Every structure is written in C-alpha cells, then in structure tokens.
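Chain residues, written in single-letter form:
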Amino acid sequence: MPPKPPRRAGSARTQRPSPDGGSAPPAAPRVEVGEADFVVLCDALKVSESVREKAWKTYESLSAGDGALACNTKKKETWGVCIFIVAIDLDEVTFTFTELLKSIKMSVCTFFQFLKEVDVNMDTVSTKVDSTVSRLKKKYDVLFALYHKFERTCGLIYLEQPSSEISAELSSVLVLKNYWITFLLAKGKVLQVEDDLVISFQLLLCVLDYFIKLSPPAMLKEPYKSSVPAVTVNGSARTPRRGQSRSSRTAKQLDTDTKIIEILCKEHDCNLDEVKNVYFTSFIPFLNSAGIVASNGLPEVEVILKQYDELYLKNKDIDARLFLNHDETLQPAVIACSQLERTPLKNNADEEINIILPQTPVRAAMNNIQQLIMILNSATDKPSDTLIKYFNNCTVNPKDSILKRVESFEHIFKKKFAEAVGQGWAEIGSQRYKLGVRLYYRVMESMLKSEEERLSVQNFSKLLNDNIFHTSLLACAVEVVMATYGRNASQSDSTSAETDLSFPWILYVFDLKAFDFYKVIESFIRAEPNLTREMIKHLEHCEHRIMESLAWQSGSPLFDLIKQSKEREGQADQPEPTATPSTPFQHNHTAADLYLSPVKSPKKKASLSATPPPDVPPAVTPQTPQKLQKSTSLSLFYKKVYLLAYRRLHTLFLHLLSDHPDLEPLIWTLFQHTLQNEYELMRDRHLDQIMMCSMYGICKVKNVDLRFKMIVSAYKELCNTNQETFKRVLIREEQYDSIIVFYNLVFMQKLKTNILQYASSRPPTLSPIPHIPRSPYQFSNSPRRVPAGNNIYISPLKSPYKFSDGFQSPTKMTPRSRILVSIGESFGTSEKFQKINQMLCNSEGQLKRSADVGAAAPKPLKRLRFDIEGTDEADGSKHLPQESKFQQKLAEMTSTRTRMQKQKLNDGNDTSATEDK
C-alpha cells in the first residue's frame, strides 16, 4: 500500500456544518482504494467513499477489457471518467464539471470523445449518464456559439484604443468581462431552458443594449456612439450619481430608449418586438432581483462574480467565465473549429479575394427566423376571406369551433411554454404561437384549394369539423415555428440535438397522438411551397420518429387499426393486404383521405361533405351493419414503415456484412415478417431494436460471426441514433434492460421457430426488397435536370441570404461562383464572358499542343455536354459552320432558357405543381 497522501480535502469535509446547525462528526477511518495518484484525484474532487470504491472497480473492469490499451495509456483521464460516471449514477456529485476537466487536464470535446471510447462494451455508461452528457453538450454548444458571436459583436461596438480621457477602470477588457458575466448570470437565473440558442441570443442583445447605454461615447464606434442617450456620464464605472430624482429619471430613460436595441436587432436580423419583450418582461426584472441599478453606472465585477459563482457551484457544470481567458478546457474540437471558420479555397494568386464571414450558428438561426417571418408577412392570425367562403359552404359551419379551438390552445401553449422556459417568457411563447396560427390558416387554405381542384367539390364539412385534423394541423404549424426558433447550436454533430421544447413536446401540449399527427405531415409540406429545406427535413425527421417508435406506444390508435384490419380480412397474419414491400410507393392521398379513413371510401368524392344531421351527435349517428372499409391511413403508414425499415437495415448491413450479400434478403424477410405478423413486439419499443435482433438472429443460424457488440458499435455511428435504443429496451411491464437481454428473453422466444427455418433445407419464402423511390419531399435547392436536355442540370444559388435586404441578396460569393452565368438574370459586366472564353481557349490550346508533340490528348475539364456534331439534342437545332464555339454555346443556352421559361409557365398552370417543393 502506498503512503497515505495528505488529507486536505478530507479535513475540509469534516469542518462542514451538519444539517441541524452543529459541527459534522469527524470522518470515520477508511481504507484507501487504488493507486496513490487515484487517491489524490479523489481527494481533490472531494468524492465520497462509495464513489471512489465503485469508480476504482469500474477502472479495473475497463483495464481488463477490450479498452485496456486506451485505459492504460490514459490512466488519469480514465480515472476521471470513471469518477464522473459513478458520481452521476449514485447521485453523489461533489465537484463541478469544469473542476473535473481541470483535474485531469482535458477539454470538454476531448472528454466527451474519450467517454465514447471508454464505453466500448456498451455497458459502462448508463442512460442516466448519457442524459447528463447530452445536457452538457448542448449547453457547451450554445455557450461556445454565443461567446463567439459576443466577441465579434463587441469588436464592432467598442474601440480597441479609446481616448486617454477614459478611466482605466473602463478598459475594454474590464467591460467585456462585465458584459459576459452579467449575461451568464441573467441566462442562468432567467432561463430554465439554457440550451435555447435564440432566446439566449435575444437575452445577450438586451445585455449589450444595457451596457452600451452606460458606456462613455468615447469608447464606442458608430452608429452606437451617436445613439447613446445624453444621460450617460463619462467617468468611472464605480462613481454613483447623486440625487434620488436624477437617479430614477436616468434609469427610466435608459429603460425606455430603444435606439440602441433597434440598431442591434437590425445588425443581427433579429425581431425587434421579440427582443423588446424579452427586455421588459425578463431582463429588467432580473436587474432588479440582482440589485443592479442603472443609475449606479456599470455593475461592479466583484458583485456579479459572487452571484455567478454561487449559481455555477449550484449547477455543478461548466464555468463559462473561462471563455474570457480562452481556457484550454473550453476550446472546441478541431473539426468543429474548422467548420465554424471555413472559407472558400483560393483558386490562384491572381484571383480577387473576398473576405467571407463564416456562417455561424447564430447567423443561421436568425436567417431561418427571418425567412419564416417573410413567408408569414402576408398571412394573418384570422381566417382569410377565402377560408370564410369555404366555411360558409359547409353543411355545418366550422368557423366558431375553429376560432374557439385556436383561442383555447393559445392559453394552454402559453402556460406550457412558460413552465418549460420560465414564467417571464410567457409572452414570447404567445408570440410564437401566433406565428404558428398564421401558418395554420395559410396551409389550411392551400390544402382546401388543392382538394377543391382534386375533387371538384366545395363542401368540406366533414373534414373541417374534424377536431383531430385541426389539432394536428395547428400542432404541425406551431412545431415548424418552434423548430425554426430552436435551431441546434452544434455544427460538428451530425445528429440534431434535442431541447426540452423539441418534438415530441408539441404532442404533449396539444394532447395529440403521434399517429394522428403523422397523417398531416406530408400534406402540410406539399401545401406550403416556401418551407425551407431545414424545415422540410425537420418534419421528415418528425415523421421518422413517429414511424420508428412514437406511433407504437401503448394507447396509440395504430393498434386499433391493425386489429380492425385483421377482423376485416379474417386473417391473423396480414395487418394490411395492400401494405406489402413490393408495392411501388406511389400515392395521391391527402390529409383528407387519412383523417377520414377508414370511415370514408377514397373513391367517393362527395363523402368529404357528408355529415350527420345537426340534431344527431356524430358519436350516435344511425348506421347500418356493413363490411369494414380498408384503412387508407394504415396502408400508407405500413408502406412508409417498410421503406424506412429497409433503408435503415441496408445502411447497417453495408457497415457490417458487405462480404455476405446473400444474407440481406434473409434478414429483411425476418424483419418484415416481425413487423407484419408479430407487431406486438413493437409496442413501446423501437424499430431499430427489431432490426438489430433480426440481423443477429440470421447471422446466428447461418454461422456468421457477428456479435451484438459489433452491431451496436456500427449502429452508434449511424445518423440520428440514440444510445438509449440499445441500452434501455422494454423486457416486460416497467422492466428495461439491454438489447441482448431483450433478444434472449423476448425476441428469440417469440420467433425461435421462424428463425430456425432459415437454417433448414426449406427456408421461408423471401420477402421482396422494397422499391426505394426518391424522397416525396423535393427541396428547392436540389439540382434538377433540364427536360429533354443532355446532362444539363440547374440549381439555385446555395449562398445564405441576408433577409433584411430581401430574398435575392446573397451575402457572400465564392471565387468559383463569381464566374457562374445565371440564366434569366443580368450577366453584369463583360468580364465574366471574357473569363469563360479564356478558359475555353486555354483548354483548346492545351489539347492542340499535346497533339503536336504526339502525346495522348489529356481528358478535357468537365463542362456542359452538348452534341459534338453541333446538334443540340434538346431541340434539334443546327449551328452554322461559321459560328464560333462561344456563339454556339450562347445559342444553346438561350434555347435552354426559352424551354425553361415555357416549362415554368406550364408548371404554374398545372395543379400538380404543388407537389414540387
């Protein structure tokens, strides 16, 4: 046993007061566990006896396992990870996360990555630890993005070397420190959801506004210098104003003057009304509660430092003050840093270079919000005249019930939002809800117009009086708004981090079943052509979440539909005859079909208007016995589930079993059989759990060496996966365990006979591989092939836009994009054509020189391919022999432009164009 190290930490613990106010009893003698350096680390972190004992056992287990090499080369780091894991599991965290990082000399990003490496057997890190790590990651991402923005913004506000008349106490370093710590204190005290990037940034703007008003004009750059109110007094930040009346008058003027906040909002494309709301409902109350008074000038650093220190020690997480010192523990990973600062490559020395600002998370979030607001500028939070006409055409006018429902959900949403974010943010929640209402009415009108054209009817009484349809549509609209504001701050993570307000939070607020919400998603996307790519991808992600797990939760109407389908067909093994993998995924069903299914038959157009008599409640409408109609919603749902399931399986298969291609159809057959015939295995479980078990089962009977550990390791690397999927699987009621235990106790027991058939001489008939179509959701920036063209594709500019200047104002161009020709718009100067001619001439000259020396002609650079003999395959036009190559190209481009314009006109008149997003 090594000599016992000094017990500084232990003696400190003995001096802590007991809960009843007396002195704590002296610590009982104990036997030291582990090596001397481990004991020193435990003492430094003040961990309890139980934590150090279990942490050492965890380390010994890791050292003896597959991760022994990493553990032995990074011994102290491994100790720190083990202490972190055990302390969280036992709820005995006696140190902050930053203290731990400092003790083992690791950065945040390195620690998270090393934690993944340590969890090589998938049983070291519990889901409780995963949840804590996820929260820390999200908080770090938001803080890093905000500090990056904060530094750059302050550089645009304050002079680097202010005039000598400014007091030394008002140096830029001191001001920045004051700024940042005040913001951290406000964020911690005001916000319950600290990982909300947009709300946090709006709060940061409030802090900036407050400090700018208190700063001497000599420190400021324009336009802030000339906008500072006259009440500001130059001098020390510690010099109090005399006179109570003057003080109250000064504070009032500072609070009501909005010039600075208007400039800040304009510079950052932030909604002024929202920031004002944050300022007066949350930031001012925070100042009052913290004892920060505007009349006293800038708050003293020591005062706010003490308050923040108390908050930091209470939360036991990241000490964000260290951002000011660029502390190594808070430095981002290399990949994240390179993505944040990426700029286009320089083509050559003669190329004109543009200084290009990186697309930061804050800028991207503000751009998305501005685009959403621009889309809704023409919409109102009341039904339009067109919608009123549709309401009036109904047998039972739904207007009153719709308005009442919207008003009722506003109160519910406002209350739930305040509970999640903080009571001071209720009005912000109300503003976001109203944006969702505007989108709700806009999409509803678009849907009804499409239905009118499709069915040639104007009476949509049954659909418009359907409560679930309206609740789902409204929830979807509000979810789009919430997702736009809740952008992920991480640029390095391929998966989108979730916050407390992320989907499926909206389902709980609206008391809506996931399966009912799913029905509206595709129609919603088709009905709103101006949705951004990010929002379409988000809704598609929501749809996948529903299909993979949420729709399979107990109490879901999905199970009732499957049961009805079995009763209708009289078969116990066919939940939906039309939902087979071989059926091509083509449909023209709309939300009306899905919400009225299976009551309505899709072939009867007028059924949308069929409603019970006003004096007969819908629940007791007289009905005659009839054969149950097939469920359109169930059939379409199963088709989509099969497509999603096969895509997931195929991706995982390529990672693990690419050398055994004959196994994929077998695994898919078992997977599909389980979903179709043993669907109860999906209840309260995840689609991927069935997929991994199917893969393991087939490999087992085919004697292919594939362990669950290998499957899980590959699964973790896939996009949008969660470790809880394989670490916490339902075994039986309220009992959860790992995926391996689920396979042995549940999956294998249920499907043993079927699995063994694959090893026999008469295996089951293979299920057809699903036909994988293109995504039904077309994105506006996806390249499209020109009709009848020869390898000609068009796509809009991918540069981000500064929305304050309108949609068509790209803020940056790369060296390559500056010489691209935009068909249908002004070409600008003739220099672009000269550069194109020069490129063509250079390539031709190189070919000629190569031919002269007898060398093999090099392959020319890739260009638009036109017919070599002078015939444009698109329109068959011939070029004159005396025309230059450039004239021929220009003529061909003009011809292409004409065809595109004609196509655009035709698409505008074609009702099916609504499917192009």
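Refer to the structure presented above.
Let us look at the structure shown here.

This next bit is on the pattern of salt bridges. Applying the stated criterion across every chain, the model contains 26 salt bridges. Ionic pairing is found between Glu522 and Lys640, a salt bridge with its closest N-O pair at 2.6 Å. Highlighted residues: Glu522 in helix H24 (residues 514-527) and Lys640 in helix H28 (residues 632-656), separated in sequence by 118 residues. What makes Glu522 buried here is its relative accessible area of 5%. The shortest N-O distance in the salt bridge between Arg728 and Glu724 comes to 3.9 Å.

Attention shifts here to helix H3 (residues 49-64). Between its terminal C-alpha atoms H3 stretches 23 Å, which fits the 22 Å expected from 16 residues at 1.5 Å a residue. Among all positions of H3, only Val51, Arg52, Ala55, Trp56, Thr58, Tyr59 and Leu62 are buried. Along the axis of H3, the buried residues cluster in a sector spanning 160 degrees; they form a single face. Along H3, the residues that are exposed and aim more than 90 degrees away from the buried face are Lys57, Ser61 and Ala64.

On to empty space enclosed by the protein, then. For the structure shown, the criterion picks out 7 cavities of 30 Å³ or more. Taken as a whole, the largest cavity holds about 100 Å³ of empty space. Along the wall of the largest cavity there are 13 residues; nearest its centre are Lys139, Leu184, Glu194, Tyr308 and Ile318. Looking at the lining of the largest cavity, the elements that each hand over two or more residues are helix H8 (127-157), helix H9 (172-190) and helix H15 (301-315). Top element by residues in the lining of the largest cavity is H15. It accounts for 4 residues. Here the residues of the lining of the largest cavity sort into 7 nonpolar, 2 polar and 4 charged.

By size, the foremost hydrophobic cluster in this structure holds 235 residues, and its most contacted members are Phe510 and Phe524. Apart from the residues within four sequence positions on either side, Phe510 is in contact with Phe409, Phe413, Tyr433, Thr471, Leu474, Ala475 and Val478.

If you walk through the whole model with that rule in mind, you get 52 aromatic pairs. Centroid distance Phe515 to Phe637: 5.2 Å. Interplanar angle 75 degrees. Geometry classified as edge-to-face. Remark: Phe637 occurs in helix H28 and Phe515 occurs in helix H24; sequence separation between them is 122 residues. With a relative accessible area of 0%, Phe637 lands in the buried category. Judged by centre distance (6.4 Å) and plane angle (85 degrees), the ring pair of Trp552 and Tyr638 falls under edge-to-face. In this pair, Trp552 is assigned in the loop between helix H25 (533-548) and helix H26 (557-569) and Tyr638 in helix H28, connecting sequence segments 86 residues apart. Accessibility assignment for this pair places Trp552 and Tyr638 in one class, buried. Directly above the aromatic system of Phe559 lies the positively charged group of Arg683, at a separation of 3.9 Å from the ring centroid. Its end group placed over the ring of Tyr736, Arg728 keeps NZ or CZ at 3.8 Å from the ring centre.

Running from amino to carboxyl end, helix H18 (residues 385-392) crosses helix H20 (residues 426-455) at an angle of 55 degrees, the nearest separation of the two axes being 10 Å. The angle between the axes of H18 and H20 places the two elements in the oblique class. Both H18 and H20 take part in a crossing whose hand is left-handed. The residues of H20 that touch H18, namely those facing Thr386, Leu387, Tyr390 and Phe391, are Tyr441, Met444, Glu445, Leu448, Lys449 and Glu452. For the contact of H18 with H20, a count of residues per class yields 6 nonpolar, 1 polar and 3 charged.

For the bond from Glu222 to Pro223, the omega torsion is 5 degrees, close enough to zero to count as cis. Tracing the backbone through its elements, the reader meets Pro223 in the loop between helix H10 (197-214) and helix H11 (224-227). Residue Pro504 is reached from Phe503 by a cis peptide bond, and omega for that bond is 15 degrees. By the secondary structure assignment, Pro504 is in the loop between helix H22 (467-485) and helix H23 (505-509). With phi around 55 degrees, Asp91 is a residue other than glycine that occupies positive phi space. Mapped onto the fold, Asp91 is located in the loop between helix H5 (75-89) and helix H6 (97-104).

Rules and cut-offs
- Residues numbered from 1 in each chain as written.
- Predicted model: local features only at pLDDT ≥ 70, side-chain atom pairs only at ≥ 80, totals over all residues.
- Heavy atoms only, no water.
- Salt bridge = Lys/Arg side-chain N within 4 Å of Asp/Glu carboxyl O.
- Helix = DSSP H or I, 4+ residues; strand = E, 2+ residues; numbered from the N terminus.
- Buried < 20%, exposed > 50% of the residue type's maximum accessible area, 1.4 Å probe, protein only.
- Expected span 1.5 Å × (residues − 1).
- Arc of directions from axis to C-beta.
- 1 Å grid on protein atoms, 1.4 Å probe; cavity = no way out; pocket = protein on both sides within 12 Å on 5 of 7 lines; lining within 4 Å.
- Points joined across faces, edges and corners; volume = space filled by probe spheres on them.
- Nonpolar A, V, L, I, M, F, W, Y, C, P; charged D, E, K, R; others polar.
- Core = buried A, V, L, I, M, F, W, Y, C linked by side-chain atoms within 4.5 Å.
- Contact = heavy atoms within 4.5 Å.
- Phe/Tyr/Trp six-rings, centres within 6.5 Å; stacked < 30°, edge-to-face > 60°.
- Lys NZ or Arg CZ within 6 Å of the ring centre and 35° of its normal.
- Axes fitted to C-alpha atoms, helices over the stretch in contact; angles between N-to-C directions.
- Parallel < 35°, antiparallel > 145°, perpendicular 65-115°, else oblique.
- Left-handed = near helix turned anticlockwise from the far one by under 90°.

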